[in-house]
Amino acid sequence: MIHVHLKEPLKQKDWGWPVIANFSIGSTGAGLYLVNFFLIFLKTDSDFFNQRISFGFIPLLLIIFGFFCLSIETGRPLRSFYLFSRPAQSWISIETMAGCIFIAAALCDYFFPHPILKLFAIMSAMAFLISQGYIVYRARAIIAWNVPIIPIVFVSSGLVSGYGLFVMLNAADKIGSDQTTLLFGLILLLFNAMIWLIYLRQSSSNDFSIETKTLRQPFFLTFTIALGQIFPFFLMLFLLLPNHNIELVPLSLSITLCGILLLIGNISQKVGIIFSVGYFRGIELKG
């Protein structure tokens, strides 16, 4: 006689706050560098590859700190060199290699700006963001992670958080509130909002809907949508108005608030994906 038992989905406990820190802080570092370069490209008529990336050390430090947090999660920091052992099979190895290449290329480019160094830094920063998304996507046992849009979620989230930090660092300067910077931010924010909403409706399966239910509840929607996307979107839109009157609130404070909210939205997305929807698939056992 065959008996069928259904093992209920179990919440993953292997990835904790250090992984969140790596996915949030490290991606912000890579996003900051990419956003900085894209804005230089948009504002410079020629020779943009030879322009120095402002705040060039901050992206490096953020990615290094993210790796440090990841080494704490493994419990054996001294064995971190194993992360380089399987670049063809492991997206974690690809992330580590991309991060290290970025650190070396961006550091050299900061002191000796050169198109080749900057190209390596740009490509490795993008590879870093993509690989973080694929690390999650390749966890096939977890329903809400194993959807094709997850890598795009991580890339868009990293770019938005990088933009948030960029405007915070430039809040006291006009570069943080000029039209090109604000329009670029609005495009990034709209793209991230669209990708996040698509993710929440990515699969029609009942299991996916159940596992992602938490992300559609008011608490998470407040941080990911209202504070992390809607409020900064309208704030940037207001700052774009030609005759906006913002005497009651200093411009630098408004820009800083916008950046903080974008960072909150990025962290909320990562916390939601890793903690709130990280459930292994239910298993049917026969015997």
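Refer to the structure above for everything that follows.
Because the structure is a prediction, the values reported are computed rather than measured.

> Just checking my understanding: could you explain the packing of helix 6 (residues 179-200) against helix 8 (residues 218-240) for this structure?
Relative orientation and spacing of two packed helices are given, respectively, by the angle between their axes and the distance between those axes. Interhelical geometry of helix 6 versus helix 8 gives an angle of 155° and a closest axis separation of 10 Å. The angle between helix 6 and helix 8 falls in the class roughly antiparallel. The two elements helix 6 and helix 8 cross, and the hand of that crossing is left-handed. Here Q179, L182, L183, G185, L186, L189, L190, N192, A193, W196 and L197 of helix 6 come into contact with helix 8, specifically with T224, I225, G228, Q229, P232, F233, M236, L237, L239 and L240.

> Please clarify how the nonpolar core should be interpreted in this entry.
With 44 residues, the main nonpolar core has V35, F102 and Y163 as its most contacted residues. When contributions to this core are tallied by element, the ones reaching two or more residues are helix 1 (17-43), helix 2 (57-74), helix 3 (91-111), helix 4 (115-137), helix 5 (150-169), helix 6, helix 8 and helix 9 (251-276). Broken down by element, this core gets its largest block of residues, 8 residues, from helix 1. Here Y163 is in contact with V35, T181, L182, F184, G185, L188, M236 and L262, once residues within four sequence places are set aside. A144, I150, V153 and F208 belong to the second largest nonpolar core, which has 29 residues in total.

> So what exactly am I meant to see when it comes to helix 8 here?
Count 3.6 residues to each turn of an α-helix, and residues three or four apart come out pointing the same way. Along helix 8, the sharpest change in direction is near 40° and occurs at A226. Among all positions of helix 8, only F220, T224, I225, G228, Q229, P232, F233, L235, M236, L239 and L240 are buried. Buried residues along helix 8 sit in contact with helix 5, helix 6 and helix 9.

Rules of the game
Residues numbered from 1 in each chain as written. Predicted model: local features only at pLDDT ≥ 70, side-chain atom pairs only at ≥ 80, totals over all residues. Heavy atoms only, no water. Axes fitted to C-alpha atoms, helices over the stretch in contact; angles between N-to-C directions. Helix = DSSP H or I, 4+ residues; strand = E, 2+ residues; numbered from the N terminus. Parallel < 35°, antiparallel > 145°, perpendicular 65-115°, else oblique. Left-handed = near helix turned anticlockwise from the far one by under 90°. Contact = heavy atoms within 4.5 Å. Core = buried A, V, L, I, M, F, W, Y, C linked by side-chain atoms within 4.5 Å. Buried < 20%, exposed > 50% of the residue type's maximum accessible area, 1.4 Å probe, protein only. Bend = angle between axes of the 7 residues up to and from the residue.

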